[in-house]
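Read off the chains here:
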Amino acid sequence: QVQLVESGGGLVQAGGSLRLSCSASGNIYVINAMGWYRQAPGKQRELVAAITSEGTIDYGDSVKGRVTISRDNAKNTVYLQMTNLKPEDTAVYSCRSSLATMTSDRFLDVWGQGTQVTVSS
């Protein structure tokens, strides 16, 4: 069994910063991509940032220049550093990973439960 556990969400004032972490645990064999998505009330879920095992990075258009994704492969952990936060960044941020377990015959799409980020004006 595999799970993704997020941490680091919370309440921050506009212009502030937050760092989110997501750690994968369980009978993991290999992790391909890890990333962050967000969903605000009444809006569709959107990509924030994603990073592959080789280090290829993709950022969502709405956060480019304000967030940095990084990954510690040894710890199966991905980080999201967010700066200059805006009220419109308020959302539930969820971690996502494409990974294979010791017993799976294909890559699995695994999601964390999400962490709330609230930016006050």
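Relevant structure appears above.
Student: Mind laying out the state of the cysteines, listing which residues take part and the relevant values?
Tutor: Under the defined criterion, the tally for this structure stands at one disulfide. Across the disulfide from C22 sits C95; the S-S distance is 2.0 Å. Residues C22 and C95 are joined by a disulfide whose S-S torsion is about -85°; by sign, that bridge is left-handed. Pair noted here: C22 is in strand β3 (residues 18-26) and C95 is in strand β9 (residues 91-101), with a separation of 73 residues, a long-range link.

Student: Which residues make up a nonpolar patch on the surface, and what values do they have?
Tutor: A cluster of nonpolar residues, Y29, V30, M102 and F107, forms a patch on the protein surface that exposes about 450 Å² of accessible area. Relative to the elements of secondary structure, F107 occurs in the loop between β9 and β10 (108-111).

Student: For the pattern of salt bridges, give the residues involved together with the corresponding values.
Tutor: Here the structure, examined in full by the defined rule, presents five salt bridges. We note a salt bridge from D89 to R38, for which the minimum N-O separation is 2.9 Å. You can see D89 sitting in the loop between β8 (77-82) and β9 and its partner R38 sitting in strand β4 (residues 28-39), a full 51 residues away along the chain. The buried category is assigned to R38, whose relative accessible area is 6%. We note a salt bridge from D109 to R96, for which the minimum N-O separation is 2.8 Å. Note that D109 is positioned in strand β10 and R96 in strand β9, a separation of 13 residues in sequence. On the basis of relative accessible area, R96 is assigned to the partly exposed category, the value being 27%. Taken together, the shared-partner salt bridges connect R38, E46, R66 and D89 into one network.

Reading guide: rules and limits
For every chain, the first residue of the written sequence is number 1, and numbering continues from 1 along that sequence. Residue-level local features of this predicted model are given only where pLDDT is at least 70; pairs of side-chain atoms are given and counted only at 80 or more, and the full residue set underlies all totals for whole chains, interfaces and linings. For the side-chain quantities, the full set of heavy atoms in the structure was used; hydrogens and water were omitted. Here, the term disulfide refers to a pair of cysteine sulfur atoms separated by no more than 2.5 Å. The way it works is that DSSP assigns letters per residue, a run of H or I at least four long becomes a helix, a run of E at least two long becomes a strand, and they are numbered from the N terminus. A patch is a set of surface residues, each over 30% in relative accessible area and not in a salt bridge, joined within 9 Å for like charges and within 5 Å for the nonpolar side chains Val, Leu, Ile, Met, Phe, Trp and Tyr. In these tables, accessible area is a Shrake-Rupley quantity obtained with a 1.4 Å probe, and a residue counts as shielded only by the protein chains included in the view. Here a salt bridge means any side-chain nitrogen of Lys or Arg lying within 4 Å of a carboxyl oxygen belonging to Asp or Glu. Residue exposure (1.4 Å probe, protein chains only): buried if accessible area is under 20% of the type maximum, exposed if over 50%, otherwise partly exposed.

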